[in-house]
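# Observations on the model geometry
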Amino acid sequence: MLDPIVNFFTRIFQWIGRGIGFVIGLILWPFMWVGRWYGQRGLILKAVLGLAIVCFVGLYAYFFYVTQFWRDFDPDYPTRVAASSTTAQAKNALAGDPIVAATAPATDTQAPAAAATGQTAPAPQVCKRSEIAAVAADLIDFNVNRNAWISSMLVSKLGFFGVPWRNTPFFDNKAAFQLGINQVLRRTTTELVDTLGRARGTSRIDQNLQDARTAMAWDEDAWYIGMRGPTRPTPSVYRDGIAKLRAFNATLEKCQATFDARADNLLQFLDRIAGDMGSTSDILRSQIEASDAGWFDPRADDRFWFAYGQLYAYYGILSATREDFSSVIRERNLATLWDTMQTQMRDALNMQPWIISNGNESSFLFPSHLATMGFNLLRARSQIVEIRSVLDR
């Protein structure tokens, strides 16, 4: 009696097995054809093609490795950068004043002259470096030296058999994270050139900062050969940006450059940061409205990690801003607000899910990580807006 039912299910599973075999055959057929063709070629051609295949496989293997292992990822990196300052004593002596001279020993040439006149030898000037510039240089170093810059790699540009990686759920998280950091660096170097590195925005532009901004404006996915012929790859140009930011700080510590730590400059800088965060939260909102596929939305992960990279970078930049504008923050009684903002941003960086889900916000099985990240961005933005309103009074 049960034989017809058993036979029915047996045929169904046979059809399923044949279908799976047919699909696998379609996938493997090009490789089998290439293998037969390769076996019929001469020894020299085999050697050349074999070397090309080995190089191709090696490039993909390296690409898979660098996209999965994030070296020196540390949300608490601002503390490490601040500890590397060579002007810590000057900071303590000046009680947080922006860029002014600190006491230092007299030079050998000044001491005899001072002794002859009975006067104390004038001390050479020692000034504070910009922590914003220091953190920006460290973030660039993190992106292109301590990690491989993904977006300009040849395999990244080739995609998954011609399909851009951002349109797949694979190997695009680190690239999106780096691009989020890079957007912050472009904004920061622009503000350093236009306002922070000039006296009231009217003095001559600092050439080191100008060169750093030009470097960070370079195409993010440039390889050795572009549409117009040979060009410089992105990591090489960004390394120039590191050197220029550090050169700016070196001249700043010698009191040969300017960092204008005024309240109106801080207000404008915070305005720009709030605008960036608002724009990114809108991008997240658009993706939430475009799809509720849960774990099966291939664009959710790169949207999430771009926003995470932006938050990661702005956490460091705003920590540095607290140091550079310490006198303004102290005079306007902003310390509590600023500490609250930084604490909230640091707590948001603890959100590091293995798989990004873009489900319905009321879903039980498919959480909406994009909605949570958007909330964290807007919460940080609201704190920035509140600080800005105090500065504007």
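Residues numbered from 1 in each chain as written. Predicted model: local features only at pLDDT ≥ 70, side-chain atom pairs only at ≥ 80, totals over all residues. Heavy atoms only, no water.

### Let's talk about the overall build of the protein chain
In plain terms, the rule: Under the scheme used here, helices are H or I runs from DSSP no shorter than 4 residues and strands are E runs no shorter than 2 residues, and both carry numbers assigned from the N terminus. Residue exposure (1.4 Å probe, protein chains only): buried if accessible area is under 20% of the type maximum, exposed if over 50%, otherwise partly exposed. Should any heavy atoms of two residues lie within 4.5 Å, those residues are counted as being in contact.
When you go through the protein chain residue by residue, the secondary structure sums to 15 helices and 2 strands. Looking at the 393 residues of the protein chain, the share that counts as buried comes to 42%. Pairs at least 24 apart in sequence give 78% of the contacts found in the protein chain among residues at least 6 apart.

### Things to note about the environment of asparagine 358
Under the convention used in this document: Here a polar contact is taken to be a pair of N or O atoms separated by no more than 3.5 Å, where protein atoms must pair a possible hydrogen donor with a possible acceptor and residues adjacent in sequence count only if both atoms sit in side chains.
Relative to the helices and strands, asparagine 358 is located in the loop between helix H14 (335–348) and helix H15 (369–391). Sequence-distant contacts of asparagine 358, that is, excluding residues within four places in its chain, are made with Gln287, Ile288, Ser291, Asp292, Ala293, Gly294, Asp297, Ala300, Pro367, Ser368 and Leu370. Among the polar contacts made by the side chain of asparagine 358, one reaches the main-chain carbonyl oxygen of glutamine 287 at a distance of 3.2 Å. At 3.0 Å, the side chain of asparagine 358 forms a polar contact with the backbone oxygen of serine 291.

### Some thoughts on the packing of helix H12 (residues 300–324) against H15
For clarity, the threshold we go by: Simply put, an axis is a line fit to the C-alpha atoms, just over the touching stretch for a helix, and the angle between two N-to-C directions goes from 0 to 180 degrees. For this classification, under 35 degrees means roughly parallel, over 145 means roughly antiparallel, 65 to 115 means roughly perpendicular, and everything else is oblique. By convention the crossing between two helices is left-handed if the near helix lies anticlockwise of the far one by an angle smaller than a right angle, and right-handed if it lies clockwise. Put simply, Ala, Val, Leu, Ile, Met, Phe, Trp, Tyr, Cys and Pro go in the nonpolar bin, Asp, Glu, Lys and Arg in the charged bin, and everything else, Gly too, in the polar bin.
At a minimum axis separation of 10 Å, H12 and H15 run at an interaxial angle of 25 degrees. Comparing their axes, H15 and H12 come out roughly parallel. The element H12 and its partner H15 pack so that their crossing is left-handed. Of the residues in H15, those touching H12 at Ala300, Arg303, Phe304, Ala307, Tyr308, Gln310, Leu311 and Leu318 are His369, Leu370, Met373, Leu377 and Ile384. Counted by class, the contact of H12 with H15 contains 10 nonpolar, 2 polar and 1 charged residues.

### Digging into H12
Inclusion rule: The length a helix should cover is 1.5 Å for every residue beyond the first.
Between its terminal C-alpha atoms H12 stretches 36 Å, which fits the 36 Å expected from 25 residues at 1.5 Å a residue. Most of H12 sits inside the fold, with 22 of its 25 residues counted as buried.

### Structural notes on the nonpolar core
As a reminder, the rule being used: The set of buried Ala, Val, Leu, Ile, Met, Phe, Trp, Tyr and Cys residues whose side-chain atoms join them within 4.5 Å is what this entry labels a nonpolar core.
Grouped together as the largest cluster of nonpolar side chains are 76 residues, with contacts concentrated most on Ile132, Leu245, Met277, Met345 and Leu391. Residue contributions to this core peak at 14 residues, all from H12. Discounting chain neighbours no more than four positions away, the residues touching leucine 245 are Ala133, Ala136, Ala137, Ile140, Leu192, Leu209 and Ala212. One finds Tyr60, Ile150, Val155 and Trp165 within the second-largest nonpolar core, a separate group that totals 9 residues.

### Re the confidence of the model for the protein chain
We apply this condition: Think of pLDDT as the predictor's per-residue confidence, scored from 0 to 100.
For the protein chain, mean pLDDT is 83; residues scoring 70 or higher make up 86% of the total. Helix H4 (residues 88–94) is the least confidently modelled element of the protein chain, averaging 41 in pLDDT, while helix H6 (residues 131–144) averages 97, the highest of any element. Counted against residues more than four places away or in other chains, residues 87–117, with its pLDDT under 50, gives 51 contacts.

### Brief notes about the state of the cysteines
Selection rule: Note that a disulfide, as used here, is simply two cysteine sulfur atoms within 2.5 Å.
Throughout the structure, instances matching the rule amount to 1 disulfide. Disulfide partner of cysteine 127: cysteine 255, at an S-S distance of 1.7 Å. Torsion about the S-S bond of the cysteine 127 and cysteine 255 cystine: about 100 degrees, corresponding to right-handed handedness. Highlighted residues: cysteine 127 in the loop between helix H5 (110–117) and H6 and cysteine 255 in the loop between helix H10 (234–253) and helix H11 (263–290), separated in sequence by 128 residues. Given the relative accessible area of 3%, cysteine 127 is considered buried. Classification of cysteine 255 by relative accessible area gives partly exposed; the value is 22%.

### Focus: H6
Compared with the 20 Å implied by 1.5 Å per residue over 14 residues, the 20 Å span of H6 between its first and last C-alpha is a close match. Extensive coverage of H6 is indicated by the burial of 14 of its 14 residues.

### Here we look at the environment of aspartate 260
Assignment of secondary structure puts aspartate 260 in the loop between H10 and H11. In sequence terms aspartate 260 and aspartate 324 are 64 residues apart; their C-alpha atoms lie 9.4 Å from each other. Residues in contact with aspartate 260, not counting those within four places in the same chain, are Thr195, Leu196, Arg198, Ala199, Arg200, Asn265 and Phe325. In this structure the side chain of aspartate 260 is engaged in a polar contact, spanning 2.3 Å, whose partner is the side chain of arginine 262.

### Quick notes on unusual backbone geometry
The phi dihedral of aspartate 72 falls on the positive side, at around 60 degrees, and the residue is not glycine. Here aspartate 72 lies in the loop between helix H2 (43–68) and helix H3 (77–83). For aspartate 72, a relative accessible area of 39% corresponds to the partly exposed category. The phi torsion at asparagine 333 lies on the positive side, around 55 degrees, for a residue other than glycine. Residue placement: asparagine 333 occurs in the loop between helix H13 (326–331) and H14. Since its relative accessible area comes to 66%, asparagine 333 is described here as exposed.

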